[in-house]
Amino acid sequence: MTGKFICFEGLDGSGKTTIAKNVAEQLKKTNDKVIFLNKKEVSFNTGYVDNHMSTIKKILWDYAPDDPLGELGDLHWLHLNLSWFSVLEQCKIKPLLNSSYTIIMDNWYYKLFARYTLKNNFDQELTKKSFQSLLKPDITIFLDVDPYVAVKRRDNISITESGNMDGLNGKTTTNFITYQSMVRGVLNDFCNEQKWKKFFIDHNTEEEITNKACKILSMENLQGSVT
Ligand SMILES: Cc1cn([C@H]2C[C@H](O)[C@@H](COP(=O)(O)O)O2)c(=O)[nH]c1=O
(Lines give C-alpha, C1' and ligand atoms only; values in the text may rest on other atoms or scores of the structure.)
Protein backbone atom coordinates (compact mmCIF):
# COMPACT_ATOMS: atom_id res chain seq x y z
CA MET A 1 0.00 0.00 0.00
CA THR A 2 1.35 3.36 -0.93
CA GLY A 3 -0.73 5.77 1.16
CA LYS A 4 -0.43 6.82 4.78
CA PHE A 5 -2.89 6.12 7.56
CA ILE A 6 -2.82 8.83 10.22
CA CYS A 7 -5.07 8.60 13.25
CA PHE A 8 -5.88 10.71 16.26
CA GLU A 9 -6.45 9.16 19.65
CA GLY A 10 -7.48 10.59 22.99
CA LEU A 11 -10.12 10.55 25.69
CA ASP A 12 -13.78 11.31 25.09
CA GLY A 13 -13.91 15.09 24.89
CA SER A 14 -10.30 15.56 23.73
CA GLY A 15 -11.44 17.10 20.43
CA LYS A 16 -10.18 14.39 18.08
CA THR A 17 -12.82 14.95 15.39
CA THR A 18 -12.45 18.73 15.30
CA ILE A 19 -8.65 18.62 15.16
CA ALA A 20 -8.47 15.79 12.61
CA LYS A 21 -10.87 17.67 10.34
CA ASN A 22 -8.88 20.91 10.66
CA VAL A 23 -5.61 19.13 9.98
CA ALA A 24 -7.01 17.41 6.89
CA GLU A 25 -8.25 20.77 5.58
CA GLN A 26 -4.79 22.29 6.05
CA LEU A 27 -3.00 19.41 4.37
CA LYS A 28 -5.45 19.41 1.46
CA LYS A 29 -4.23 22.89 0.52
CA THR A 30 -0.99 21.40 -0.76
CA ASN A 31 -1.94 17.77 -1.36
CA ASP A 32 -5.12 16.77 -3.17
CA LYS A 33 -4.71 13.16 -2.11
CA VAL A 34 -5.58 13.85 1.53
CA ILE A 35 -8.90 12.65 2.88
CA PHE A 36 -10.59 13.11 6.27
CA LEU A 37 -12.51 10.17 7.70
CA ASN A 38 -14.90 10.42 10.62
CA LYS A 39 -15.10 6.96 12.19
CA LYS A 40 -18.88 7.08 12.45
CA GLU A 41 -19.71 8.91 9.20
CA VAL A 42 -18.04 7.00 6.43
CA SER A 43 -19.74 6.54 3.06
CA PHE A 44 -19.03 3.43 1.04
CA ASN A 45 -18.85 2.62 -2.66
CA THR A 46 -21.85 0.33 -2.84
CA GLY A 47 -25.40 0.65 -1.55
CA TYR A 48 -25.11 -2.81 -0.03
CA VAL A 49 -22.16 -1.88 2.20
CA ASP A 50 -23.72 1.49 3.04
CA ASN A 51 -26.97 -0.15 4.16
CA HIS A 52 -25.18 -2.85 6.09
CA MET A 53 -23.02 -0.33 7.94
CA SER A 54 -25.90 2.03 8.71
CA THR A 55 -27.66 -0.89 10.42
CA ILE A 56 -24.58 -1.65 12.53
CA LYS A 57 -24.16 2.06 13.28
CA LYS A 58 -27.70 2.28 14.63
CA ILE A 59 -26.98 -0.49 17.12
CA LEU A 60 -23.52 0.75 18.04
CA TRP A 61 -24.21 4.44 18.57
CA ASP A 62 -27.87 5.39 18.18
CA TYR A 63 -29.04 3.84 21.42
CA ALA A 64 -31.26 5.63 23.93
CA PRO A 65 -29.30 7.26 26.79
CA ASP A 66 -30.60 4.81 29.37
CA ASP A 67 -30.52 1.60 27.34
CA PRO A 68 -28.98 -1.21 29.43
CA LEU A 69 -26.12 -1.98 27.02
CA GLY A 70 -24.39 -4.14 29.62
CA GLU A 71 -27.17 -6.76 29.41
CA LEU A 72 -25.69 -7.92 26.10
CA GLY A 73 -22.26 -8.60 27.56
CA ASP A 74 -18.71 -7.48 26.74
CA LEU A 75 -18.11 -10.24 24.18
CA HIS A 76 -21.07 -9.15 22.07
CA TRP A 77 -19.90 -5.52 22.02
CA LEU A 78 -16.36 -6.53 21.18
CA HIS A 79 -17.52 -8.43 18.10
CA LEU A 80 -19.93 -5.74 17.02
CA ASN A 81 -17.27 -3.05 17.26
CA LEU A 82 -14.76 -5.26 15.43
CA SER A 83 -17.28 -5.87 12.67
CA TRP A 84 -17.50 -2.09 12.24
CA PHE A 85 -13.75 -1.56 12.16
CA SER A 86 -13.11 -4.53 9.87
CA VAL A 87 -15.49 -3.23 7.19
CA LEU A 88 -14.01 0.25 7.51
CA GLU A 89 -10.60 -1.26 6.97
CA GLN A 90 -11.52 -3.58 4.10
CA CYS A 91 -13.96 -1.41 2.16
CA LYS A 92 -12.61 2.08 2.77
CA ILE A 93 -9.18 2.41 4.32
CA LYS A 94 -7.23 -0.21 2.35
CA PRO A 95 -8.65 0.84 -1.05
CA LEU A 96 -7.75 4.49 -0.30
CA LEU A 97 -4.24 3.52 0.80
CA ASN A 98 -3.83 1.43 -2.34
CA SER A 99 -4.73 4.54 -4.34
CA SER A 100 -1.99 6.49 -2.48
CA TYR A 101 -4.29 8.60 -0.32
CA THR A 102 -3.19 10.08 2.98
CA ILE A 103 -6.02 9.33 5.40
CA ILE A 104 -6.58 11.56 8.42
CA MET A 105 -8.93 9.73 10.76
CA ASP A 106 -10.48 11.18 13.90
CA ASN A 107 -10.25 7.99 15.92
CA TRP A 108 -9.21 4.40 15.33
CA TYR A 109 -9.69 1.49 17.76
CA TYR A 110 -7.32 2.32 20.62
CA LYS A 111 -9.86 4.00 22.90
CA LEU A 112 -11.95 0.85 22.80
CA PHE A 113 -8.83 -1.33 23.13
CA ALA A 114 -8.02 0.65 26.29
CA ARG A 115 -11.54 0.16 27.64
CA TYR A 116 -11.30 -3.60 27.10
CA THR A 117 -7.81 -3.71 28.65
CA LEU A 118 -9.36 -2.34 31.84
CA LYS A 119 -11.90 -5.18 32.12
CA ASN A 120 -10.79 -7.52 34.90
CA ASN A 121 -13.05 -10.39 33.97
CA PHE A 122 -12.44 -10.44 30.26
CA ASP A 123 -10.07 -12.67 28.27
CA GLN A 124 -7.16 -10.30 27.67
CA GLU A 125 -5.60 -12.60 25.09
CA LEU A 126 -8.79 -12.22 23.08
CA THR A 127 -8.71 -8.44 23.55
CA LYS A 128 -5.16 -8.25 22.20
CA LYS A 129 -5.69 -10.68 19.34
CA SER A 130 -8.89 -8.96 18.28
CA PHE A 131 -7.52 -5.44 18.07
CA GLN A 132 -4.16 -6.53 16.72
CA SER A 133 -5.93 -8.21 13.79
CA LEU A 134 -6.80 -4.71 12.54
CA LEU A 135 -4.54 -2.38 10.60
CA LYS A 136 -2.04 -0.33 12.59
CA PRO A 137 -1.85 3.35 11.69
CA ASP A 138 1.43 4.68 10.29
CA ILE A 139 1.23 7.67 12.58
CA THR A 140 -0.89 8.09 15.69
CA ILE A 141 -1.27 11.48 17.30
CA PHE A 142 -2.35 11.31 20.94
CA LEU A 143 -4.25 14.38 22.11
CA ASP A 144 -3.63 14.04 25.82
CA VAL A 145 -6.15 15.92 27.91
CA ASP A 146 -6.81 16.02 31.64
CA PRO A 147 -10.21 14.36 32.29
CA TYR A 148 -11.15 17.42 34.42
CA VAL A 149 -10.76 19.55 31.29
CA ALA A 150 -12.45 17.00 28.99
CA VAL A 151 -15.56 16.73 31.17
CA LYS A 152 -16.19 20.48 30.95
CA ARG A 153 -16.65 20.08 27.19
CA ARG A 154 -19.38 17.50 27.63
CA ASP A 155 -23.05 18.54 27.51
CA ASN A 156 -24.18 15.00 28.21
CA ILE A 157 -22.19 12.18 29.73
CA SER A 158 -22.86 8.75 28.24
CA ILE A 159 -22.99 5.31 29.82
CA THR A 160 -19.85 4.18 27.97
CA GLU A 161 -17.63 7.16 28.77
CA SER A 162 -18.48 7.22 32.48
CA GLY A 163 -17.51 3.60 33.16
CA ASN A 164 -21.05 2.31 33.55
CA MET A 165 -20.09 -0.79 31.54
CA ASP A 166 -17.21 -1.40 33.92
CA GLY A 167 -18.74 -1.30 37.38
CA LEU A 168 -19.36 2.42 37.95
CA ASN A 169 -22.90 3.51 38.59
CA GLY A 170 -24.38 6.70 37.19
CA LYS A 171 -23.50 9.09 34.37
CA THR A 172 -21.85 11.55 36.74
CA THR A 173 -18.93 13.93 36.39
CA THR A 174 -17.06 12.01 39.08
CA ASN A 175 -17.50 8.70 37.28
CA PHE A 176 -16.43 10.27 33.99
CA ILE A 177 -13.23 11.58 35.60
CA THR A 178 -12.50 8.32 37.43
CA TYR A 179 -13.02 6.15 34.36
CA GLN A 180 -11.31 8.47 31.87
CA SER A 181 -8.28 8.70 34.17
CA MET A 182 -7.92 4.92 33.93
CA VAL A 183 -8.39 4.94 30.15
CA ARG A 184 -5.81 7.73 29.93
CA GLY A 185 -3.32 5.52 31.81
CA VAL A 186 -3.73 2.72 29.25
CA LEU A 187 -3.52 5.14 26.30
CA ASN A 188 -0.27 6.47 27.76
CA ASP A 189 1.08 2.90 27.91
CA PHE A 190 0.13 2.36 24.24
CA CYS A 191 1.70 5.72 23.40
CA ASN A 192 5.02 4.72 24.97
CA GLU A 193 5.04 1.21 23.51
CA GLN A 194 4.16 2.32 20.00
CA LYS A 195 5.96 5.63 19.86
CA TRP A 196 2.91 7.75 19.17
CA LYS A 197 3.26 11.50 18.80
CA LYS A 198 1.77 12.97 21.94
CA PHE A 199 0.93 16.41 23.14
CA PHE A 200 -0.87 17.88 26.12
CA ILE A 201 -3.72 20.05 25.02
CA ASP A 202 -5.18 21.36 28.28
CA HIS A 203 -4.03 24.94 27.78
CA ASN A 204 -4.06 25.24 24.00
CA THR A 205 -6.58 26.68 21.59
CA GLU A 206 -8.03 24.66 18.73
CA GLU A 207 -5.85 26.64 16.32
CA GLU A 208 -2.68 25.95 18.29
CA ILE A 209 -3.38 22.22 18.47
CA THR A 210 -4.18 22.08 14.74
CA ASN A 211 -0.96 23.92 13.88
CA LYS A 212 1.11 21.69 16.12
CA ALA A 213 -0.34 18.53 14.54
CA CYS A 214 0.28 19.95 11.04
CA LYS A 215 3.86 20.76 11.99
CA ILE A 216 4.46 17.23 13.21
CA LEU A 217 3.03 15.80 10.01
CA SER A 218 5.02 18.19 7.83
CA MET A 219 8.14 16.49 9.17
CA GLU A 220 6.90 13.07 8.09
CA ASN A 221 7.19 11.59 4.65
CA LEU A 222 3.51 11.21 3.78
CA GLN A 223 4.32 9.32 0.61
CA GLY A 224 5.64 6.23 2.46
CA SER A 225 4.13 2.77 2.61
CA VAL A 226 1.92 0.97 5.10
CA THR A 227 2.94 -2.52 6.19
C1 LIG B 1 -18.65 -3.60 26.54
C2 LIG B 1 -18.45 -2.21 26.03
C3 LIG B 1 -19.04 -1.82 24.88
N4 LIG B 1 -18.90 -0.57 24.43
C5 LIG B 1 -19.60 -0.27 23.18
C6 LIG B 1 -20.79 0.63 23.33
C7 LIG B 1 -20.77 1.48 22.11
O8 LIG B 1 -21.59 0.84 21.15
C9 LIG B 1 -19.34 1.45 21.62
C10 LIG B 1 -18.49 2.66 21.90
O11 LIG B 1 -19.16 3.83 21.74
P12 LIG B 1 -18.56 5.27 22.12
O13 LIG B 1 -17.23 5.37 21.43
O14 LIG B 1 -19.56 6.20 21.57
O15 LIG B 1 -18.45 5.33 23.60
O16 LIG B 1 -18.73 0.33 22.25
C17 LIG B 1 -18.13 0.33 25.11
O18 LIG B 1 -17.99 1.48 24.72
N19 LIG B 1 -17.53 -0.03 26.26
C20 LIG B 1 -17.68 -1.27 26.76
O21 LIG B 1 -17.14 -1.56 27.83
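Throughout, residues of each chain are indexed from 1 in the direction in which the sequence is written. A pLDDT threshold of at least 70 governs which residues receive local features in this predicted model, and a stricter bar of 80 or more applies before side-chain atom pairs are shown or counted, although totals over entire chains, interfaces and linings include all residues. The basis for every side-chain value is the complete set of non-hydrogen atoms in the structure, without hydrogens or water.

The name given to the chain in an unreviewed UniProt entry is Thymidylate kinase, with Pontibacillus litoralis JSM 072002 as the source organism. UniProt positions are given in the numbering used here, feature names are shortened, and annotations may be inferred rather than shown by experiment. Its UniProt record, at the heading Sequence similarities (unreviewed entry), says of the chain: "Belongs to the thymidylate kinase family."

Attention now moves to the overall build of the chain. Secondary structure assignment for the chain yields eight helices and five strands. Element order for the chain, N to C, with α for helix and β for strand: β-α-β-α-α-β-α-α-β-α-α-β-α. Throughout, the radius of gyration refers to the C-alpha atoms, and the reference size of a globule is 2.2 Å times the residue count to the power 0.38. Relative to the 2.2 N^0.38 estimate, which gives 17 Å for 227 residues, the radius of gyration of the chain is 17 Å and therefore close to what a compact globule would have. Along the three orthogonal principal directions, the C-alpha set of the chain runs to about 50 × 45 × 30 Å. Residue contacts are defined here by distance: any two heavy atoms, one from each residue, within 4.5 Å place the two residues in contact. For the chain, long-range pairs separated by at least 24 residues make up 75% of all intrachain contacts whose partners lie at least 6 apart in sequence. Of the accessible surface of the chain, which amounts to about 11500 Å², a share of 48% is contributed by carbon and sulfur atoms. A positive count includes Lys and Arg, and a negative count includes Asp and Glu. His and the chain ends are not counted in either. Every charge is mapped to an atom, namely NZ of Lys, CZ of Arg, CG of Asp or CD of Glu. If you average the places of the 28 positive and of the 28 negative side-chain charges in the chain, the two averages end up 4 Å apart. Each helix is a run of DSSP H or I of at least 4 residues and each strand a run of E of at least 2, with the numbering of both proceeding from the N terminus. Every accessible area reported is derived by Shrake-Rupley at a probe size of 1.4 Å, with residue values counting cover from the shown protein chains alone.

Any two strands with at least two DSSP-identified bridges between them are counted as paired. Reading across the sheet, the five strands line up as β2-β3-β1-β4-β5 and stay open at both edges, with parallel pairing between neighbours. Two strands in the sheet have a free side with no partner beyond their single neighbour: β2 (34–37) and β5 (197–200). Taken pair by pair, the neighbouring strands of this sheet meet at an average axis angle of 20°, ignoring direction. In this sheet, strand β3 (residues 102–105) lies alongside β2 in parallel orientation, the contact comprising four bridges. Across the sheet, residue Phe36 finds its bridge partner in β3, namely Ile104. Axis angles are defined between N-to-C directions and span 0 to 180 degrees, where every axis is a line fitted to C-alpha atoms and, for a helix, only to the segment in contact.

Right, let's get into the nonpolar core. In a soluble, globular protein the nonpolar side chains are often hidden away together inside. Counting 71 residues, the largest nonpolar core has Ile93, Ile104 and Trp108 as its most contacted members. Broken down by element, this core gets its largest block of residues, eleven residues, from helix α3 (residues 74–98). For Ile93, the residues in contact, after removing those within four places along its chain, are Phe5, Leu37, Leu88, Ile103, Met105, Trp108 and Leu135. Residues enter a nonpolar core if they are buried and are Ala, Val, Leu, Ile, Met, Phe, Trp, Tyr or Cys, with the set joined through side-chain atoms within 4.5 Å. Each residue is placed in one exposure class: buried if its accessible area under a 1.4 Å probe, protein chains only, is under 20% of its type's maximum, exposed if it is over 50%, and partly exposed if it falls in between.

In this structure, Trp196 sits in the loop between α7 (173–194) and β5. Exposure remark for Trp196: the relative accessible area of 9% places this residue in the buried category. A sequence separation of 64 residues divides Trp196 from Gln132, and the C-alpha atoms of the two residues are 16 Å apart. Excluding residues within four positions of it along the chain, Trp196 makes contact with Glu9, Tyr110, Thr140, Phe142, Leu187, Phe190 and Cys191.

To describe two helices that pack against each other, one gives the angle between their axes and the distance between the axes. Where helix α4 (residues 110–117) meets helix α5 (residues 124–132), the axes come as close as 10 Å, and the angle between the chain directions of the two elements is 170°. When the interaxial angle is binned, α4 and α5 end up roughly antiparallel. Judged by residue contacts, Leu112, Phe113, Tyr116 and Thr117 of α4 engage Gln124, Thr127, Lys128 and Phe131 from α5. Comment on the angle field: the value is read as roughly parallel under 35 degrees, roughly antiparallel over 145, roughly perpendicular from 65 to 115, and oblique elsewhere.

Being near a molecule or strand, for a residue, means having at least one of its heavy atoms within 4 Å of it. Near the ligand, the surroundings consist of 14 residues, among which Leu60, Lys111, Arg115, Lys119 and Thr160 are the closest. Here Lys111 contributes a side-chain N or O atom positioned 3.0 Å from an oxygen atom of the ligand. Contact with the protein chains removes 95% of the 470 Å² of surface that the ligand exposes when unbound. Elements that contribute at least two residues to the shell around the ligand include exactly α2 (47–61), α3 and α4. For the shell around the ligand, the element with the highest residue contribution is α4, accounting for four residues. When residues are grouped by polarity, Ala, Val, Leu, Ile, Met, Phe, Trp, Tyr, Cys and Pro land in nonpolar, Asp, Glu, Lys and Arg in charged, and all others, Gly among them, in polar. Partitioned by chemical class, the residues of the shell around the ligand number six nonpolar, two polar and six charged. Between N or O atoms, a polar contact is any pair within 3.5 Å; within protein, one atom must be a potential hydrogen donor and the other a potential acceptor, and residues adjacent in sequence are included only when both atoms are from side chains.

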